Amino acid sequence: MATKLPEAPKVGMVSLGCPKNLVDSERILTKLRSDGYQLSGDYSGADVVLVNTCGFLDSAKEESLEAIGEAMAENGRVIVTGCMGKEAEVIRTRFPDVLAITGAHQYEEVVGAVHTAAPMPPSAYLNLVPDSGLKLTPRHYSYLKISEGCNHRCAFCIIPALRGDLVSRRPDAILREAEKLVAAGTKELLVISQDTSAYGIDIRKEPRQWKGSEVVPHMTDLARELGKIAPWVRLHYVYPYPHVDSVIPLMAEGLVLPYLDIPFQHASRDVLKAMKRPANDAKVLGRLKQWREICPDIAIRSTFVVGFPGETEEDFQYLMDWLDEAQLDRVGAFRFEPVEGAAANDLPGAVPEEIKEERYARLMEKTAAISAAKLQAKIGRTLEVIIDVVDSETGGASGRSQADAPEIDGEVHLRDAGHLTEGDIVRVAIEDADEHDLFGAPVGY
Ligand code: SF4
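Residues numbered from 1 in each chain as written. Predicted model: local features only at pLDDT ≥ 70, side-chain atom pairs only at ≥ 80, totals over all residues.

## Notes on the overall build of the protein chain
Then, in step 1: Within the protein chain one finds 12 helices and 20 strands.
Then, in step 2: Projected onto its principal axes, the C-alpha coordinates of the protein chain cover approximately 70 × 65 × 35 Å.
Then, in step 3: Looking at the protein chain residue by residue over its 445 residues, the buried ones come to 38%.
Then, in step 4: Within the protein chain, counting contacts between residues at least 6 apart in sequence, those at least 24 apart form 70% of the total. (Helix = DSSP H or I, 4+ residues; strand = E, 2+ residues; numbered from the N terminus. Buried ≥ 20, exposed ≤ 12 C-beta atoms within 10 Å, placed from the backbone. Contact = placed C-beta atoms within 7 Å.)

Shown next as structure tokens:
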């Protein structure tokens, strides 16, 4: 018996204005086609109609409004995009029932609005790319990018020059992607960006509907919603802005992993100033203490640069003393290197290579000792571990505790674990530890 395939929704498109707008229309349609949508040549056959407007001249605006009016009259399910998206009020006043209005070059917004207005029925035949997209990570963990670019101008970094200022993704698009990843087997979402705590500052006034309520584009709100979707949610590249305090209770509640990756880079005020670092707050040590009071298991990971131009022995010693106080769980360090195009290259006070080396070695020795002591203190505890690799021949396995991100932190090595599967989250009795890793045996799920 022949199988009847589900019908993919059809999208109609009216494209007005200049060739740039036409290229935008093509890009939107290409993405919709790759998502499995069909195109409709007339209003009557379309499940939703996109009107890509032009607002260059008053006459073009009037033409755009007329086109929206025609699409509303002929079809009634209309999404407006393009240059007139800037004048959403004008459009809403004349056509209060348009489904969504997005601006020029907001491809993800338009495509998201089409997915909301005419959802694609689930079918392996319609979707050429799996729902979760094509992944380069193992099935059980996935990176989830929430924004692109950065508003800061750290002296050693050229990312803003390469990628521009911060552009946040809309929260409902992020949550939809998270749901697809989890449906495809992801257990751990690794939230990444250049500056996760700045998420949403560019679109703060644009809350989105998600599962019947509004989600504000803010790190805390997003983290809470992600915590409802995935078993493990890990936050990377968080700068210690004051509002970071509000995610700590989510960690204490178990919605988000008790783990913060905060690239402090240094502790000395003068060096941080020369680096032009954001959230350069002298009270960080006090906040670390408060965070640990609220969530005693919180693991703090950070990176530091030694030998930045102008770093004196006093600055470095200040950093060493600060590390004694901060008791960070995981630390990565770099010796400063000029990057072509970075402002730091022109700063006076270059630190000789041998001094960089010597400071790097001292810093690594200290942070390894702190990490080792912290791991020793875990012996005898039972920790949740996600399994990354199972060796059926030896019956061993390796995974990570909540305090360990893949690739950058330590591992938990398990014995008697041949029955486990990659992606399992199990409880492990910790029996031993070295400088970086833990050792133990599974005791259940
Ligand atoms: S180091 Fe990070 S915060 Fe600083 S400019 Fe680069 S991306 Fe932005």
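## Remarks on the nonpolar core
Then, in step 1: Grouped together as the largest cluster of nonpolar side chains are 75 residues, with contacts concentrated most on Leu189, Ala223, Val233 and Val247.
Then, in step 2: The element contributing the most residues to this core is strand S14 (residues 299-306), with five residues.
Then, in step 3: With near-sequence residues (within four places) excluded, Leu189 lies in contact with Ser142, Leu144, Ala178, Leu181, Leu226, Ala230 and Val233.
Then, in step 4: Residues Val51, Leu65, Ala67 and Ala71 belong to the second largest nonpolar core, which totals 29 residues. (Core = buried A, V, L, I, M, F, W, Y, C linked by C-beta atoms within 7 Å.)

## Focus: the site of the ligand
Then, in step 1: Every residue lining the ligand is accounted for by Cys150, His152, Arg153, Cys154, Cys157, Ile159, Pro160, Gln194, Asp195 and Pro278.
Then, in step 2: Grouping the amino acids of the shell around the ligand by side-chain chemistry returns six nonpolar, two polar and two charged. (Near = placed C-beta within 6 Å. Nonpolar A, V, L, I, M, F, W, Y, C, P; charged D, E, K, R; others polar.)

## Notes on unusual backbone geometry
Then, in step 1: The backbone of Gln265 sits at a positive phi, close to 70°, despite the residue not being glycine.
Then, in step 2: Residue placement: Gln265 occurs in the loop between strand S13 (259-261) and helix H9 (269-275).
Then, in step 3: For Gln265, a count of 22 C-beta atoms within 10 Å corresponds to the buried category.

## Notes on the domain arrangement of the protein chain
Then, in step 1: For the protein chain, the assigned domains read domain 1 (10-117), domain 2 (141-376) and domain 3 (382-444).
Then, in step 2: Computed over C-alpha atoms, the centres of domain 1 and domain 2 are 38 Å apart. (Domains from an automatic or database assignment.)

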